[in-house]
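# Architecture at a glance
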Amino acid sequence: MLQANKATVVTGFHKNTLEVRKMELDYYLMVFDKLSSISSLLAGFASSALMVGIPRRDNPYLVTLFLLSTGSALGAHLLVVIVTTMCIMWGPGHALRGEDASYVDNAVFILDTTKTSMEKFFIFGLICYFTSSILVVWLLFDPMGSVTVSVIFFIILAWLYCKSVRIAKKLLPPKFVSGHVKFNRVSNLGHLMGDTSSALHGDNVSANFATNI
C-alpha cells in the first residue's frame, strides 16, 4: 500500500509539471497561429502590389525603393507563415511523442526562441509593407493627392505605434517566468521504490512503463 501511494505521488508530481508545460505549449501555438494568419494576409497584399503597373516616366530610384520594400515585405511575411506553420505542425508532435518528459521542455524552448525571431520578422515585414504602400501612392498619383494620402498614413502609423506601446506596457510583465520545474527526474520508478530488478516484488508487475517519467 505504501509503495503504491509513493508511486502515485511521484507520477502525480510529474504529470502536474507536464500540465504546466502544456499550458505554455498551447500559448506558443496560439501566438504562431495569429502571426501566420496576419502574415498570410499581408503577404497577399504585397504580392498584389508587385503586379501594379508602374509608369516608365517615374523616378527610377523611387521605383527601385518601392520594389525593394515590397519584395522585403513579401519575403518576410512568407518566412513567418512557413516557419510558424512548421512549428504548429511539428511542435506538439515533438512534445507528445518524445521518449521522455525532456522532449516537452525542449519543444517549449524551441518554440520560445522561434517566437522571438518571428516577431522581429513580422515587425520588419509590417514596416516594409507600410513603406511600400506610401511609395506606390507617389508613383501613381499627382503630388497633391500623394501628400494627402501620405499625411493620413503617417497619422495612422503614429496612432498605431502609440497604441501598441501602451498595450505592451499594460500587458507585458517586466519579467517572464518559465513553467520549467528544476528537479531530478526519476529514471525508473521501480528503482525509486527499492526494486533493483525493475519489477515490484510479489506482484510480478513490471515498472518499465515508468522509465524516464
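Everything numeric in this text was worked out from a predicted model, so none of it was measured.

What counts, and where the lines are drawn
- Residues numbered from 1 in each chain as written.
- Predicted model: local features only at pLDDT ≥ 70, side-chain atom pairs only at ≥ 80, totals over all residues.
- Heavy atoms only, no water.
- Salt bridge = Lys/Arg side-chain N within 4 Å of Asp/Glu carboxyl O.
- Helix = DSSP H or I, 4+ residues; strand = E, 2+ residues; numbered from the N terminus.
- Core = buried A, V, L, I, M, F, W, Y, C linked by side-chain atoms within 4.5 Å.
- Buried < 20%, exposed > 50% of the residue type's maximum accessible area, 1.4 Å probe, protein only.
- Contact = heavy atoms within 4.5 Å.

## Some words on the pattern of salt bridges
Enumeration according to the criterion identifies two salt bridges in this entry. Between Lys115 and Glu119 there is a salt bridge, with its nearest N and O atoms 3.1 Å apart. A residue pair is termed a helical-turn pair when its members lie 3 or 4 positions apart in one helix, as Lys115 and Glu119 do in helix 3 (residues 102-140) at four residues.

## Brief notes about the nonpolar core
Ranked by size, the top nonpolar core spans 23 residues in total, and within it Leu35 and Leu111 carry the most contacts. Among the elements of the structure, helix 1 (2-50), helix 2 (60-96) and helix 3 are those that each provide at least two residues to this core. Among the elements that line this core, the one with the most residues is helix 1, at nine residues. Leave out the neighbours within four places in its chain, and Leu35 touches Val80, Thr84, Met118, Glu119 and Phe122. The next biggest cluster of nonpolar side chains, apart from the first, holds seven residues, and it includes Ala49, Leu135, Val136 and Leu139.

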